[in-house]
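# Fold and geometry: a report
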Amino acid sequence: MGLAKRIIPCLDVKDGETVKGVNFVDLRKAGDPVELGKFYSQVGADELVFLDITASYEGRKTFTEMVTKVAKEINIPFTVGGGINELDDVKRLLDAGADKVSINSAAIRRPKLIDEVTSLYGSQVCVCAIDARMDEDGWHCYLKGGRERTEHRLLEWAKEVQDRGAGEILFTSMNHDGVKQGYANEALALLAEQLNIPVIASGGAGERSHFRDVFVEGHADAALAASVFHFGEIGIPELKHYLRSQGIEVRI
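Below is a short write-up of the structure. (Residues numbered from 1 in each chain as written. Predicted model: local features only at pLDDT ≥ 70, side-chain atom pairs only at ≥ 80, totals over all residues. Heavy atoms only, no water.)

What the protein contains, in helices and strands, is 11 helices and 12 strands. Burial status across the protein gives 56% buried among its 252 residues. Across the protein, every contact between residues at least 6 apart in sequence was considered, and the portion connecting residues at least 24 apart equals 65%. Split by element, the accessible area of the protein, about 10800 Å² in all, is 47% carbon and sulfur. (Helix = DSSP H or I, 4+ residues; strand = E, 2+ residues; numbered from the N terminus. Buried < 20%, exposed > 50% of the residue type's maximum accessible area, 1.4 Å probe, protein only. Contact = heavy atoms within 4.5 Å. Areas by Shrake-Rupley, 256 points an atom, 1.4 Å probe, with all protein chains shown as cover.)

Further remarks concern the pairing of strand β12 (residues 222-225). Both faces of β12 are covered, namely the face carrying A222 and L224 and the face carrying A223 and A225. Across 4 bridges, the pairing between strand β1 (residues 6-14) and β12 is parallel. Bridged to P9 within β12 is A225. Note on the crossover from strand β11 (residues 199-202) through helix α9 (residues 208-216) to β12: the handedness is right-handed. (Pairing = 2+ DSSP bridges. Right-handed = clockwise from strand over helix to strand, strands pointing away.)

Turning next to the packing of aromatic side chains. Each pair of aromatic rings is reported with the distance of its centres and the angle of its planes. Enumeration over the complete set of coordinates arrives at 6 aromatic pairs. Feature note: the residues F39, Y40, Y183, F211 and F229 constitute an aromatic cluster, connected by ring pairs. (Phe/Tyr/Trp six-rings, centres within 6.5 Å; stacked < 30°, edge-to-face > 60°.)

Of the residues making up helix α6 (residues 112-121), those classed as buried are L113, I114, V117 and T118. Summarising the axial view, the buried residues of α6 lie within an arc of 125 degrees, below the 170-degree limit, and thus occupy one face. Turned more than 90 degrees from where α6 packs its buried face, K112, S119 and L120 sit exposed. Two residues or fewer after α6 comes G122, characterised by a positive phi angle close to 100 degrees. (Arc of directions from axis to C-beta.)

The next subject is the side chain of T79. Within the secondary structure, T79 is located in strand β5 (residues 78-81). T79 sits in the buried class, given a relative accessible area of 4%. The residues contacting T79, other than those within four sequence positions of it, are E47, L48, V49, F50, K100, V101, S102 and V127.

So, on to the nonpolar core. Of all hydrophobic cores here, the largest spans 71 residues; its most connected members are I114, F171, Y183, F211, F229 and L243. In contact with F171, not counting residues within four places along its chain, are I130, A132, W139, L154, A184, A187, L188, L191, I200, A201 and S202. (Core = buried A, V, L, I, M, F, W, Y, C linked by side-chain atoms within 4.5 Å.)

Turning our attention to the packing of helix α3 (residues 64-73) against helix α4 (residues 87-96). In contact at an axis separation of 8 Å, α3 and α4 are set at 30 degrees when each is read in the N-to-C sense. Contacts from T64, V67, T68 and A71 in α3 reach R92, L93 and A96 in α4. Partitioning the contact of α3 with α4 into residue classes produces 4 nonpolar, 2 polar and 1 charged. (Axes fitted to C-alpha atoms, helices over the stretch in contact; angles between N-to-C directions. Nonpolar A, V, L, I, M, F, W, Y, C, P; charged D, E, K, R; others polar.)

Let us now look at the state of the cysteines. Taken as a whole and judged by the stated rule, the model has 0 disulfides. For C141, which is in no disulfide, the shortest distance to another cysteine sulfur is to C128 and amounts to 9.0 Å. Using a relative accessible area of 0% as the deciding quantity, one classes C141 as buried. (Disulfide = S-S within 2.5 Å.)

The next point concerns the packing of helix α1 (residues 33-43) against α3. Two elements in contact, α1 and α3, have axes separated by 8 Å at closest approach and are oriented at 25 degrees. The angle between α1 and α3 places the two elements in the roughly parallel class. Here α1 and α3 pass one another in a crossing that is right-handed. Contacts from P33, V34, K38 and S41 in α1 reach M66, K69, V70 and E73 in α3. Here the residues of the contact of α1 with α3 sort into 4 nonpolar, 1 polar and 3 charged. (Parallel < 35°, antiparallel > 145°, perpendicular 65-115°, else oblique. Left-handed = near helix turned anticlockwise from the far one by under 90°.)

By the alternation rule, side chains of β5 split into F78 and V80 and T79 and G81, which are all buried. For strand β4 (residues 48-52) and β5, the ladder comprises 4 bridges, and the chain directions are parallel. Its bridge partner lying in β5, F50 is registered against V80. Where β5 lies against strand β6 (residues 100-103), 3 bridges are found, and the strand directions are parallel. In the strand pairing of β6, G81 is matched with S102. Traced from β5 through α4 to β6, the parallel crossover comes out right-handed.

Okay, structure coming up:
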């Protein structure tokens, strides 16, 4: 069956509260991140991702104190991102209880940061997040929470990230984010075919079948979702039993 597929709730945090939007805008509140993290750890989430979504845009650091509080309440791998620009930021978050860090904008601005993180802490600590949108001229990577387009193409940048030592890629399709019509399975399948490191799919979950499709059609190693979990539309235990019934290996 191969490695078990992972189900990963994502806590997008702004001003100390969990929020969720559509296409990266129109944010609405979704609850206390500490309580949500504790809940997901208890109900069978495989990992947890915590993103301070305005840290890069506003030019400030991730809430270290919040990371510490969440880390104390969970017993699953914990990835933290937002406003990570240098090795000191990585150390601070790992010391606060994170198992991995997610870097995005800073990696595009200074790709050598990936080399530095992986050489000091190991590939397993470095998750490279890629926010990309299918524009008229193909998939382009974006910076600062989707506000600024770059000249980086999705596949080429993903390959460079891998070559520089990143342990996995968290790919969010901006077109699919919060729309609940399914993941970007064609792009995901292309990434899975071209890369040797795990790909986490993000953006588009709306029903249980979307998770099945992202594993079967998109060949993703993990599926990340937010609002369907935060607002109780899909329960993680029921989702995992459904995936098992579809022949997909998950930890229950």
